[in-house]
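Descriptive analysis of the structure
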Amino acid sequence: MDSPILQAKNLTKIYGQNVIFQDISLDVNRGETIVVIGPSGTGKSTLLRCINLLTPINSGQIFLNGKEITAPEASEDKVRQQVGMVFQNFLLFNHLTALDNVMIGLSKVKKLPKAQAREKALYELNRVGLSDRADHYPGQLSGGQQQRVGIARALAMDPSVMLFDEPTSALDPELIGEVLGVMEILAREHMTMLVVTHEMGFAREVANRIVFMEKGSIVEQGSPNDLFYHPQHERTREFLWKITELYGKKDEEE
Amino acid sequence: MLANFFLYIVQGISITIGVTLVALPAGLLLGLGFALINTYGGPWLKRLSAAYSLLMRGVPPIVLLFILYFILSGNVVNLTPFWAGSIALGIISSAYQMEILRGALLSIGGGQMTAARAVGMTRLQSIQHIILPQALRIAIPPWSNEASIVLKDSSLVYALGVPEVLRRAQQLSATTQQPMLAFGAAALIYFVLVFLVNRGLDALAEKTKLPTQTA
C-alpha cells in the first residue's frame with residue numbers, strides 16, 4: 001500500500017479576523033485526480049496556495065512524498081519545484097515566448113543546459129498540442145492556448161503533484177474544452193492532480209474523488225458517483241443542485 | 001573667425017555628453033537600487049528609500065551641486081568640478097528614476113512574481129528574470145523624458161566652471177558681445193542632442209515592444 005503522495009493535516013488559515021479554512025485534512029494518493037468543488041469564498045484557492053507554500057498556513061502540517069514541507073528547515077523553492085501550479089488567469093511570463101515560458105524554469109531553476117532544456121520544453125509544448133506556437137508571445141495566443149502553455153510550464157518541472165486553481169474560469173466557453181482535454185489526458189496518464197473547478201462534467205468523468213468544501217471546511221468527499229447521486233449532506237445536495245441548474249440540466253436527466 | 005567661434009562652443013559637446021553619461025547611468029543604478037528596495041524591501045527599507053526620494057526631489061539640483069563641490073569636496077573627498085557636478089546631477093536624477101522604476105515595477109503586478117515563485121525561482125531570480133525585463137520595457141518612455149532632463153540639466157555644471165556648452169557660450173558672449181549668436185548656438189546644440197536621445201529611446205521602445213495578436 002502506497003502512502004499518500006501529498007498529505008495535509010489539520011490545516012488552518014486565518015487572514016486577520018477571517019478564518020479562511022479550519023482544520024482541513026486531505027490525503028492525495030499517487031496518480032489520483034481529486035476535484036475540489038464548493039461555493040466561492042470557501043477557501044479552495046487559498047488551500048492550493050497554501051499547499052504550494054505561496055501562502056503560509058497558520059497551523060497544521062503538509063507532507064509531500066513523506067517529508068514535511070511545512071517544517072521550518074524545508075526549502076520553499078525546492079518544494080515548489082515538485083508542485084506544479086496552474087492559475088486561473090494563466091500568469092504566463094508576458095515577455096517570453098511560449099517556448100521560453102516553459103524553458104525558463106528548466107534553465108534557471110533546474111540549471112539544465114540550454115539544448116536539453118529546449119528539447120524538454122518542446123516535448124511539453126507538444127504534449128499540450130502547441131508545438132506550432134512555440135515562438136509566439138502570450139499576447140499572440142488565445143486564452144485557451146495561454147492556459148495550455150501554463151500547464152506545459154508546470155509539467156516541465158516534472159512535479160509530483162499538479163495543482164489547478166480554476167483553470168478554465170477565465171476562459172470563453174468555446175475555449176474551455178481544449179484545456180479540459182489536456183487535463184483529461186494527464187489524468188489518464190496518472191498524473192497526480194488536485195483541481196479546483198466548477199466544471200461538473202469534468203469532475204464527474206475524470207475525478208477519482210470529489211471533495212466538497214464549504215465555509216472553510218470539507219463537508220464531504222467521495223467518488224463522483226457517490227457525491228453526485230448519493231450525497232450524504234443536505235448542503236452538498238443543495239450546491240450540486242444549484243450548479244447543475246446553472247451549467248445545464250440535460251446531464252442530470254441521463 | 002565665425003568658424004572658430006562655433007568650433008569653440010562645439011568642443012563643449014563632449015563635456016556635456018560626458019556629464020550626462022556619468023549622471024544618467026549613476027542615477028539609473030542608484031534609482032534602480034532604491035526602487036527595488038522600496039518595492040520589495042521591509043518596512044524600514046521602504047521608509048528609508050521614500051525619505052531619500054523626498055529629500056532629493058526637494059532640493060534644487062544647483063544647491064546639491066554647490067554642497068557637493070564647495071562643502072564636501074576638499075574637506076571630505078577630493079572631487080574635480082566635473083565629477084562633483086556629474087555626481088550631484090546623478091544623485092538628483094536617481095530620485096526621479098527611482099519613482100519611474102517603482103511605478104514600472106508595481107505595474108507588473110504580483111501575479112508574475114507568484115507565477116515565478118511557483119516555478120521554483122527564488123525572489124531574486126524572479127525579480128531578475130521575470131519582473132525586471134518587463135518593468136524596464138515599461139519604463140523606457142518616462143525614462144526617455146528623464147534622460148532629456150538630465151542632458152539639459154548638465155548645463156548647471158557651468159556654475160562650477162566646467163567648460164561645457166553653456167559655459168563656453170557664456171564666455172563667447174562676454175568676449176565677442178554676441179549673446180544672441182552664442183546662446184542661440186548653445187540652444188541649438190541642446191535641442192539636437194535631446195532630439196537624438198528621444199528618437200533613440202523611441203526606437204529602443206519600439207524594438208523591445210512585445211508582440212500582440214494584431215501585430
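Residues numbered from 1 in each chain as written. Chains lettered and ligands numbered in written order. Predicted model: local features only at pLDDT ≥ 70, side-chain atom pairs only at ≥ 80, totals over all residues. Heavy atoms only, no water.

Here we look at the overall build of chain A
- Counting its regular elements, chain A contains ten helices and ten strands.
- Rg of the C-alpha trace for chain A: 18 Å, near the compact-globule value of 18 Å for 254 residues, within the 12% margin.
- Its C-alpha atoms give chain A principal-axis dimensions of about 55 × 50 × 40 Å.
- For chain A, the proportion of its 254 residues judged to be buried stands at 55%.
- In chain A, 66% of the contacts between residues at least 6 apart in sequence involve partners at least 24 apart.
- A total of about 11600 Å² of accessible surface is found on chain A, and carbon and sulfur atoms cover 46% of it.
- Side chains of chain A give 27 positive and 33 negative charges; the mean places of these two sets differ by 6 Å. (Helix = DSSP H or I, 4+ residues; strand = E, 2+ residues; numbered from the N terminus. Rg over C-alpha atoms; globule rule 2.2 N^0.38 Å. Buried < 20%, exposed > 50% of the residue type's maximum accessible area, 1.4 Å probe, protein only. Contact = heavy atoms within 4.5 Å. Areas by Shrake-Rupley, 256 points an atom, 1.4 Å probe, with all protein chains shown as cover. Lys, Arg positive; Asp, Glu negative; His and termini not counted. Charge placed at Lys NZ, Arg CZ, Asp CG, Glu CD.)

What to know about the packing of helix α1 (residues 2-10) of chain B against helix α9 (residues 179-208) of chain B
Residue and element names in this part refer to chain B.
- The contact between α1 and α9 brings their axes to 10 Å, and the two run at 45°. Of the possible angle classes, the one that applies to α1 and α9 is oblique. As for the relative orientation of α1 and α9, their crossing is right-handed in sense. Residue-level inspection shows Leu2, Phe5, Phe6, Ile9 and Val10 of α1 in contact with α9, the latter providing Leu181, Ala182, Ala185 and Ile189.
- Considering only residue class, the contact of α1 with α9 consists of nine nonpolar, no polar and no charged. (Axes fitted to C-alpha atoms, helices over the stretch in contact; angles between N-to-C directions. Parallel < 35°, antiparallel > 145°, perpendicular 65-115°, else oblique. Left-handed = near helix turned anticlockwise from the far one by under 90°. Nonpolar A, V, L, I, M, F, W, Y, C, P; charged D, E, K, R; others polar.)

Overview of the packing of aromatic side chains
All names here are of chain B.
- If you walk through the whole model with that rule in mind, you get seven aromatic pairs over all chains.
- An angle of 85° between the planes, with centres 5.4 Å apart, marks the rings of Phe5 and Phe6 as edge-to-face.
- For Phe5, a relative accessible area of 5% translates into the label buried.
- For Phe6, a relative accessible area of 32% gives the class partly exposed. (Phe/Tyr/Trp six-rings, centres within 6.5 Å; stacked < 30°, edge-to-face > 60°.)

Things to note about the nonpolar core
- Counting residues in hydrophobic clusters, the biggest one holds 93 residues, and the most contacted among them are Ile151 and Leu194 of chain A.
- Of the residues forming this core, the biggest block, eight residues, is contributed by helix α6 (residues 173-188) of chain A.
- Setting aside residues up to four positions removed in sequence, Leu194 of chain A forms contacts with Leu6, Leu26, Val28, Ile34, Val36, Leu48, Ile51, Met162, Leu163 and Phe164 of chain A.
- Ala35, Met56, Met113 and Leu201 of chain B belong to the second largest nonpolar core, which has 37 residues in total. (Core = buried A, V, L, I, M, F, W, Y, C linked by side-chain atoms within 4.5 Å.)

Quick notes on the pattern of salt bridges
Residue and element names in this part refer to chain A.
- Using the criterion set out here, one finds 15 salt bridges over all chains in the structure.
- In this structure, the salt-bridge partner of Arg237 is Glu234, at a minimum N-O distance of 3.4 Å. Taken together, the residues Arg237 and Glu234, both in helix α9 (residues 234-246) and three residues apart, mark about one turn of the helix.
- Residue class for Arg237 comes out partly exposed when judged on its relative accessible area of 41%.
- Ionic contacts of the salt-bridge type, sharing partners, join the residues Lys120, Glu124, Arg127, Asp158 and Glu189 into one network. (Salt bridge = Lys/Arg side-chain N within 4 Å of Asp/Glu carboxyl O.)

Looking at the confidence of the model for chain B
- Of the residues in chain B, 98% have a pLDDT of 70 or more, and the chain-wide mean is 93.
- Prediction confidence for the complex, expressed as pTM and ipTM, is 0.89 and 0.90 respectively. (pLDDT = per-residue confidence, 0-100.)

Concerning the environment of Ala139 of chain B
All names here are of chain B.
- With respect to the helices and strands, the residue Ala139 is situated in helix α7 (residues 123-153).
- With 130 residues separating them in the primary sequence, Ala139 and Ile9 have C-alpha atoms 33 Å apart.
- Non-local contacts of Ala139, meaning those with residues more than four positions away in its chain, are made with Ile100, Leu101 and Ala104.

Points about the interface of chain A and chain B
- The interface is formed by 28 residues belonging to chain A together with 21 residues belonging to chain B.
- Both faces combined, the contact of chain A with chain B buries some 2000 Å², and carbon together with sulfur accounts for 62% of it.
- When the area that chain A buries against chain B is broken down by residue, the three leading residues are Asp77, Phe93 and His95 of chain A, summing to 28%.
- At the boundary of chain A and chain B, one finds one salt bridge.
- In this structure, Asp77 of chain A engages Arg117 of chain B in a salt bridge whose closest nitrogen and oxygen atoms are separated by 3.2 Å. (Buried area = accessible area lost by both parts, 1.4 Å probe.)

Brief notes about the pairing of strand β9 (residues 209-214) of chain A
All names here are of chain A.
- With respect to burial, β9 is a largely interior element, six of its six residues being buried.
- Summarising the sheet, strand β3 (residues 33-37) and β9 pair through four bridges and their orientation is parallel. Directly across from Val35, in β9, lies its bridge partner Ile210.
- Inspection of the sheet shows β9 paired to strand β10 (residues 217-222) by five bridges, in the antiparallel sense. Bridging from a neighbouring strand, Glu214 pairs with Ser217 of β10.
- Remark: two residues form the turn of the hairpin made by β9 and β10, two consecutive strands paired antiparallel; Lys215 in that turn has positive phi of roughly 45°. (Pairing = 2+ DSSP bridges.)

Side note on the side chain of Glu214 of chain A
- Residue placement: Glu214 of chain A occurs in strand β9.
- Within the structure, Glu214 of chain A has its side chain in polar contact with the side chain of Arg235 of chain A (distance 2.8 Å). (Polar contact = N/O pair within 3.5 Å; in protein donor to acceptor, adjacent residues only side chain to side chain.)

A look at the sheet that holds β9 of chain A
Residue and element names in this part refer to chain A.
- Read from one edge to the other, the open sheet built from six strands follows the order β6-β7-β8-β3-β9-β10, with strand pairing classed as mixed. Strands at the two margins of the open sheet, each flanked by one partner only, are β6 (83-86) and β10. Strand-to-strand twist of the sheet, defined as the mean angle between neighbouring strand axes without regard to direction, takes the value 20°.
- With four bridges joining them, β3 and strand β8 (residues 193-196) adopt parallel strand pairing. The residue of β8 that forms the bridge with Val35 is Val195.
- Helix-sheet contacts for helix α1 (residues 44-51) involve β3, β6, β7 (161-165), β8 and β9, and the interaxial angle to β7 is about 150°.

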